[in-house]
Amino acid sequence: MTSALSPSTSKTTCNACAKSSDTGKEIQPFGVLVGKKLQKRVNSPLTAFASYWKTESTPSNNNEHEIPVDVLRKISVSRKESGTHVDTVVTTIDGQRYDTKELDNDPDFSETAEWAFPIFQISRKYPKTILSRLTYNIFQQSELFRIFKVSPIKFFNFFHALEKGYWEIPYHNRIHAADVLHGCYYLSVHPVRPQFGVVKSPDSLLPAPLPVAASVMSQMSTLELMALFTAAAMHDYDHPGRTNAFLVTVEDKKAILYNDRSVLENHHAAESWKLLCRPENHFIENLDPAEMKRFRYLVLEYILATDLKQHFEIIMTFNDRLSDMDLQVESDRLLVGKLLIKMADINSPTKPYGLHRQWTDRICEEFYEQGDDEKKRGLAITPYMDRGDAQVAKLQDSFIAHVVSPLAQAMHESGLLPILPGLETSELMINMQHNHRKWKEEIEIETASYEPTTCNGGNVNGVIEEESASTSDSPDPQRDSPSLDSELSQVPFTICCSIAEEEYV
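Here the structure is a predicted model, which is why all the values come from computation and not from measurement.

In this section: the UniProt feature "active site" (unreviewed entry) in the chain. Under the UniProt annotation, "active site" (unreviewed entry) lies at His172. Relative to the helices and strands, His172 resides in the loop between α9 (152-164) and α10 (174-189). A relative accessible area of 0% means that His172 is categorised as buried. Side chain to side chain, His172 and Glu366 meet in a polar contact 2.6 Å long.

Another aspect to go through is a nonpolar patch on the surface. Taken together, Ile419, Leu423 and Ile430 make up a surface patch of nonpolar side chains, about 220 Å² in accessible area. Tracing the chain through its elements places Ile419 in the loop between α20 (392-413) and α21 (427-449).

Attention now moves to the pattern of salt bridges. As enumerated under the stated definition, the model contains 18 salt bridges in all. Note that Glu224 is salt-bridged to Arg333, the shortest N-O span being 2.8 Å. Of this pair, Glu224 sits in helix α12 (residues 222-234) while Arg333 sits in helix α18 (residues 330-345), placing them 109 residues apart in sequence. One exposure class covers both Glu224 and Arg333, and it is buried. A salt bridge links Asp332 to Arg321; its shortest N-O distance comes to 2.9 Å. Of this pair, Asp332 sits in helix α18 while Arg321 sits in helix α17 (residues 311-321), and the two are eleven residues apart along the sequence. Judged by relative accessible area, Asp332 falls into the buried class, the value being 3%. For Arg321, a relative accessible area of 30% gives the class partly exposed.

Turning next to the UniProt feature "binding site: Zn(2+) 1" (unreviewed entry) in the chain. With numbering aligned to this structure, UniProt lists the feature "binding site: Zn(2+) 1" (unreviewed entry) at His176, His235, Asp236 and Asp345. Over a stretch of 170 residues, the named residues converge on one spot in the fold, their C-alpha atoms separated by at most 10.0 Å. Mapped onto the elements of the fold, His235 is located in the loop between α12 and α13 (244-249). Setting aside anything within four residues of it in sequence, one finds His235 in contact with Tyr166, His176, Ala177, Val180, His268, Ile303, Thr306 and Asp345. Note that Asp236 resides in the loop between α12 and α13. Accessibility expressed as a relative area gives 4% for Asp236, which makes it buried.

Under the defined criterion, the tally for this structure stands at 23 aromatic pairs. Each ring, one from Tyr98 and one from Phe156, has its centre 4.2 Å from the other, and the planes form 15°; the classification is stacked. Of the two residues, Tyr98 is situated in strand β2 (residues 97-99) and Phe156 in helix α9; the sequence distance between them amounts to 58 residues. For Tyr98, a relative accessible area of 1% corresponds to the buried category. When the centroid spacing of 6.2 Å and the interplanar angle of 55° are considered together, the rings of Tyr185 and Phe229 count as tilted. Of this pair, Tyr185 sits in helix α10 while Phe229 is found in helix α12, placing the two residues 44 residues apart along the sequence. The residues Tyr185 and Phe229 share a single accessibility class, namely buried. Among the aromatic side chains, those forming a connected cluster through ring pairs are Tyr98, Tyr136, Phe139, Phe145, Phe155, Phe156, Phe158, Phe159 and Phe283.

Cut-off values and rules
- Residues numbered from 1 in each chain as written.
- Predicted model: local features only at pLDDT ≥ 70, side-chain atom pairs only at ≥ 80, totals over all residues.
- Heavy atoms only, no water.
- UniProt positions renumbered as here; feature names shortened; annotations may be inferred.
- Helix = DSSP H or I, 4+ residues; strand = E, 2+ residues; numbered from the N terminus.
- Buried < 20%, exposed > 50% of the residue type's maximum accessible area, 1.4 Å probe, protein only.
- Polar contact = N/O pair within 3.5 Å; in protein donor to acceptor, adjacent residues only side chain to side chain.
- Patch = residues over 30% accessible without salt bridge, like charges linked within 9 Å, V, L, I, M, F, W, Y side chains within 5 Å.
- Areas by Shrake-Rupley, 256 points an atom, 1.4 Å probe, with all protein chains shown as cover.
- Salt bridge = Lys/Arg side-chain N within 4 Å of Asp/Glu carboxyl O.
- Contact = heavy atoms within 4.5 Å.
- Phe/Tyr/Trp six-rings, centres within 6.5 Å; stacked < 30°, edge-to-face > 60°.

Quick look at the structure:
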């Protein structure tokens, strides 16, 4: 299946390039062209491009989808274009205005490459456009506009329509999509030292030399990179704020359509792809047929990988493949890409505690809303989605130990987590260990203070007494909310695995 979907290793010549060769104009070899480009952008995070380069001499594709006249009349664009540079003022089809000059110099996005990126602070400033603005910033930093001749108009049309399709719900909204996109960018842009593919000499007593530090971004093709970022932005599109198990139980039309299997993930992928295929949104129009086929395959694979039903299978596949892994092989790069988007999707426990707690409080309210819905329908309330009964610390302890830690540990031991200058280990691991320790301390306090007493002939729950009296350094005093992905962390590991196949992140 992979061979049928993968393009050949050498890029097929587009029609425009063929015309150029017919006129006798010399087309420079890929390596020479890239070398000249890199001399002009020494500090670019892209140190190597794969076979999907679009040459500067390539004219834009004239075979664009025709847009109906009534649609064209609705498009209002005020722009100053200079060749292929994105130096325009764009108004989307629904009237949202973007000034790319302002975006290029927006200080709010100066910390995009930092793990503690202040996502909530920026989302308060741009509540309706946080996803499209961040996507633009990351595409620009990765030079994807220039490489693929992306139309800024169609780019903003799509990503703004995409963020509008995220529901106004506490957790699975456009802020979460932006956070996952940011996680993928951070994990791919910083240098890492992969521990796979290292040549070891059995005849030498000396330790194997350290692998050369290079970003995952430099190992992926630019098409794979664009697919990863696009999939991150799309991965929870039109999420209703309910779990897969809930949709199956109530026989939701989406569950029926997808035969109760990866209901939400299939829905996110299918509906967001339909949105992308609208003529006014089709920013990937300049891809040739082989690239288009590969791009779609990658986007779907990345989105479907976020289904926790595949969580442990992907980790085991990676661990089994580790000794023979080679990032020159497409299937191995795809596997690494899946790890990146999965880590970004469940990143909350690896963030500084302030961010981690805010995500916890948001997922809390979304879970409680499902519990309220279940109660109204006369259904059994899903454990820990009942507003009156929550054990946050135990839930988070189990989730970190059984779901987040195995993935983070696998990536850390294989050298896929960035270690920034001045640190001995990845900041993701430092934060996760700190946050896990805080939850364990809460459990110890709750356990020590659990001494039921009698009041007016009735029992009083000692845990509730402790919660009301205890203190926390959390910026938000709420303590009775289920933690991120708490449906996975509510029970021991064996049960946790089975729940992971039904619930969602």
